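Descriptive analysis of the structure
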Amino acid sequence: MGANPATALLEEDTVERVVDHRGHPVSRSKAGGWRSVAFIMGGEVAERFAYYGIRSDLINYLMGPFRKPMAEAAASVNIWSGCTTLFPLLGAFLGDYFLGRYRMVVIASLLYILGTSLLTLSALSPSLHPTQCPEQEICPPPTQFQTFLLFTSLYLVAIAQGGHKPCVQAFGADQFDAQNPAESKSRSSFFNWLNFFLCFGSSVSMITVTYIQENESWGLGFSLPCISMVIAFALFLLGTPTYRYSPTEKQSDLIKSREDFGAAIEQRVQQAPVPSDGDRERLLIQITSEEVHDLRISAWSGLLMEAKQVLQLMPIWATCISFGVVGAQPSSLFTKQGDIMDRQVGRHFQIPAAAMQSSIGFTMVLLLPIYDRVFVPIMRLFTNLPSGITMLQRIGIGLFLSIATMVVAAVMERQRLAMVRELGLADEPEATVPMSVWWLLPQFVLYGVADVFMYIGSLEFFYDQMPDGLKSVGIAFCLTIFGIGSFLSGILISVVDMASSAHGDSWFDTNLNRAHLDYFYWLIAALSIIGFGLFMYFAKSYVYKNKTEYGEM
């Protein structure tokens, strides 16, 4: 008798190794894919709007209402930014091994809303932030409680980021079946289009929220990220019935081996012909001893294989950290440069310096469709690779462009300081240098182009090359590049500030007209060149998990 056509069609439409929100088998046509990703992307746009609404102008909030010197404010921003991209290691571990990615996103979203709510309350309530006073008066410093509340709210957001970002992005990629050719290609495009929409959300935030914060009020400016995060959470929950869930996403090889061990014992005892209870007990002891031995071998073999795969990634990860150091500059030092330049647009509008960061996102928004729809298909003709170029080649191009970013930034700052000296403005820190802020645009745009290659390439690389049960940890690995980079940037700033202050004006003098940010940019460029050279060395010998799909570097 032939197979039932309806049953065969149903089996072909069923996606293996995943279930729906009720624990039932998943139909490819009814769950997962782009329909599910739409909810995730919508929520991520709102989340990026919230995050950049806090981060973009944070250095000005610390130097303004909280009256911190530039070096301290820049270091604080870098350390906080670093934590937001280091905590994902913990969040991803919890999501992959214990809670599951979906639950981790829900818990992190609630923490996120709590953090943004406290930050809004801190900025809105007169008793919870420093009082403002006329410029000629000496303003009292913030109280310990005001500072504590501010940083508590900021670090709640950082902790929430740790659980949210790696798990929601890995969960989004999980909506595509890597074993299905069409869905596998869509998963490769997922990282491009996800970041396309993320850049849109962050760019809009940098323009609108920073303007409100600087021209209306900090309280209103911080309330918008809070509202946006509530929207992000609601969108994610709305997609619950459409998602694909992996019932084994949090199981390591050790846990799976234990389950196999228990099942094997039960099956062998039931099948064995045992004449008496005493013989059954002796057989059970014998079987248990044998299976424990097999369990140990299987568990250690699996763990060693996972460890080997992770360790193979470490040289690539370490040599990419220089990109994270570069990435710490746009939201801190690049923004402070723009503060004292001519920001006038028309007669009545002055662009916030922090809004210049939006050019990074808009650059990515413009380039990502071109990359995905033009560059990749053209490169496929030459390489026969689904992704056009290998992931490591994409990362390498981004690292090279990050070096160019710092060289351009150093040249632009040198030109600004030359104009300061020419006009005799060195001792006038509040004077606006008659040099348009748009001269900073090339360094922001170049970094945006570098992000298209390095950041998205590394997201796909660490997700794809991690062991199957550690995909969220793979996303976290990528994010920690920026976390470690931010910490190193903060340490560099502190060390250079102390060293340069001992021999004259600090490179980070609060009066930027006497500072030397150009020297610091040259230093980062030099360190990035070293990092790029080491990356090329390790990338040439890297072996992909699937050599036939990715070829060589």
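Residues numbered from 1 in each chain as written. Predicted model: local features only at pLDDT ≥ 70, side-chain atom pairs only at ≥ 80, totals over all residues. Heavy atoms only, no water.

**Brief notes about the overall build of the protein chain**
Stated formally: Elements are defined by DSSP. Helices are runs of H or I of four residues or more, strands are runs of E of two residues or more, and each kind is numbered from the N terminus. To sort residues, take the accessible area from a 1.4 Å probe on protein chains only and compare it with the maximum for the residue type: under 20% means buried, over 50% means exposed, and anything in between is partly exposed. Residue contacts follow a heavy-atom distance rule, with two residues in contact if any of their heavy atoms lie within 4.5 Å. The accessible surface values rely on the Shrake-Rupley method and a 1.4 Å probe; as for residues, cover is taken only from the protein chains in view.
A count of helical and extended segments in the protein chain gives 19 helices and six strands. A burial count over the protein chain gives 54% of its 553 residues as buried. Sequence-distant contacts in the protein chain: of pairs separated by 6 or more residues, those separated by 24 or more amount to 81%. Accessible area for the protein chain stands at about 24,600 Å²; split by element, carbon and sulfur atoms hold 65% of it.

**Regarding the pattern of salt bridges**
When the charged atoms of two side chains lie near each other, side chains of opposite charge can form a pair. For the record, the criterion: We define a salt bridge as a side-chain nitrogen of Lys or Arg found within 4 Å of a carboxyl oxygen belonging to Asp or Glu.
Tallied over the full model, the rule gives nine salt bridges. Here Asp 174 ties to Arg 101 by a salt bridge, and the two come within 2.3 Å at their closest N and O atoms. Of this pair, Asp 174 sits in the loop between helix H7 (144-173) and helix H8 (181-215) while Arg 101 sits in helix H6 (residues 101-124), placing them 73 residues apart in sequence. The burial state of Asp 174 is the same as that of Arg 101; both residues are buried. Notably, a salt bridge pairs Lys 336 with Asp 339, separated by 2.8 Å at the nearest N-O pair. With Lys 336 and Asp 339 both in helix H13 (residues 333-339) and three residues apart, the pair spans about one turn of that helix. For the pair Lys 336 and Asp 339, a shared accessibility class is recorded, and that class is buried. Bridged by salt links that share partners, the residues Asp 96, Arg 101 and Asp 174 form one connected network.

**Remarks on a nonpolar patch on the surface**
Operational definition: Patch definition: residues above 30% relative accessible area lacking any salt bridge, with like charges linked at up to 9 Å and the nonpolar side chains Val, Leu, Ile, Met, Phe, Trp and Tyr linked at up to 5 Å.
Together, Ile 370, Val 374, Ile 378, Leu 381 and Phe 382 line one region of the surface with nonpolar side chains, adding up to about 540 Å² of accessible area. Within the fold, Ile 378 resides in helix H14 (residues 358-383).

**Some details on the confidence of the model for the protein chain**
Quick note on the threshold: Per-residue confidence from the predictor is given as pLDDT, running between 0 and 100.
For the protein chain, the average pLDDT comes to 82, and 85% of its residues sit at 70 or higher. Predicted confidence for residues 5-10 stays below pLDDT 50, and this span has zero contacts to residues more than four positions away or in other chains. Counted against residues more than four places away or in other chains, residues 249-261, with its pLDDT under 50, gives 32 contacts.

**Overview of the environment of Asp 177**
How we decide: Pairs of N or O atoms within 3.5 Å make up the polar contacts considered here, provided that, within protein, one atom can donate a hydrogen while the other can accept it, and that residues adjacent in sequence are counted only when both atoms are side-chain atoms.
Checked against the element boundaries, Asp 177 lands in the loop between H7 and H8. A relative accessible area of 11% means that Asp 177 is categorised as buried. A sequence separation of 161 residues divides Asp 177 from Glu 16, and the C-alpha atoms of the two residues are 8.6 Å apart. With residues up to four places along the chain from it excluded, the contact list for Asp 177 reads Val 15, Arg 17, Arg 28, Glu 183, Ser 184 and Arg 244. Looking at Asp 177, its side chain comes within polar contact range of the side chain of Arg 28, at 3.4 Å.

**Details of the state of the cysteines**
Short version of the rule: Working definition: a disulfide is two cysteine sulfur atoms within 2.5 Å of each other.
Under the counting rule described, the total for this entry stands at zero disulfides. Of all cysteine sulfurs, the one in Cys 478 lies closest to Cys 320, which takes part in no disulfide; the gap is 8.5 Å.

**Structural notes on the nonpolar core**
In a soluble, globular protein the nonpolar side chains are often hidden away together inside. What counts here: Definition used in this section: a nonpolar core is a set of buried Ala, Val, Leu, Ile, Met, Phe, Trp, Tyr and Cys residues joined via side-chain atoms within 4.5 Å.
One finds Ile 316, Leu 392, Phe 461, Phe 462, Phe 508 and Tyr 521 to be the most contacted residues of the largest nonpolar core, which totals 122 residues. In terms of residues, this core owes the most to one element, helix H16 (residues 441-465), which gives 13 residues. Formed by 11 residues, the second largest nonpolar core is a distinct cluster that contains Val 19, Ile 40, Tyr 102 and Val 105.

**Some points on the packing of H16 against helix H17 (residues 471-501)**
Threshold: Fitted lines through C-alpha atoms serve as axes, helices being fitted only where they are in contact, and the angles separating the N-to-C directions of these axes extend from 0 to 180 degrees. Two helices crossing with the near one rotated counterclockwise from the far one by less than a right angle form a left-handed crossing, whereas a clockwise rotation gives a right-handed crossing. When residues are sorted by character, Ala, Val, Leu, Ile, Met, Phe, Trp, Tyr, Cys and Pro go into the nonpolar class, Asp, Glu, Lys and Arg into the charged class, and all the rest, Gly among them, into the polar class.
Relative orientation of the contacting elements H16 and H17 amounts to 150°, with a least axis distance of 7 Å. The two elements H16 and H17 cross, and the hand of that crossing is right-handed. Two secondary-structure elements touch here, H16 through Tyr 447, Met 454, Tyr 455, Ser 458, Leu 459, Phe 462, Tyr 463 and Asp 464 and H17 through Lys 471, Gly 474, Ile 475, Phe 477, Cys 478, Leu 479, Ile 481 and Phe 482. By residue class, the composition of the contact of H16 with H17 is 12 nonpolar, two polar and two charged.

**A word on the pairing of strand E6 (residues 433-436)**
We apply this condition: Strands pair, by our definition, only if DSSP identifies at least two bridges between them.
Going residue by residue along E6, you find Val 433 and Met 435 tucked away on one face and Pro 434 and Ser 436 left uncovered on the opposite face. The sheet contact formed by strand E3 (residues 341-342) and E6 spans two bridges and is parallel. Bridge pairing in E6 places Asp 342 opposite Ser 436.

**As for H17**
In an α-helix, one turn spans 3.6 residues; hence positions three or four apart end up facing the same way. We count it as follows: To estimate the expected span of a helix, subtract one from its residue number and multiply by 1.5 Å. Axes are fitted to the seven residues ending at a residue and to the seven starting at it; the angle between these axes is taken as the bend at that residue.
Counted at 1.5 Å a residue, the expected span for H17 with its 31 residues is 45 Å, and the 45 Å between its end C-alpha atoms agrees. At Leu 479, H17 shows its strongest bend, of approximately 30°.

**Quick look at empty space enclosed by the protein**
Here is the rule we go by: In this analysis a 1.4 Å probe is tested at points of a 1 Å grid over the protein atoms alone, and where it fits but cannot get out there is a cavity; an open set with protein on both sides within 12 Å along at least five of seven lines is a pocket; lining residues have an atom within 4 Å of a point. Grid points are joined across faces, edges and corners, and a volume is the space filled by probe spheres set on the points.
Counted by the stated rule, this structure contains two cavities of 30 Å³ or more. Each pocket or cavity is described by its volume, and for the largest cavity that value is around 520 Å³. Taken together, 29 residues line the largest cavity, and the ones lying closest to its centre are Arg 48, Tyr 52, Arg 55, Tyr 447 and Asp 451. Contributing elements (two or more residues each) for the lining of the largest cavity: helix H2 (33-55), helix H4 (70-86), H7, H8, helix H12 (321-327), H14, H16 and H17. If one sorts the elements of the lining of the largest cavity by residue count, H8 sits on top with five residues. Partitioning the lining of the largest cavity into residue classes produces 13 nonpolar, 12 polar and four charged.

**A look at the side chain of Thr 405**
Among the structural elements, Thr 405 can be located in helix H15 (residues 391-423). In this structure Thr 405 comes out as buried when scored by relative accessible area, which is 0%. Aside from chain neighbours lying at most four places away, what touches Thr 405 is Val 326, Gln 443, Leu 446 and Tyr 447.

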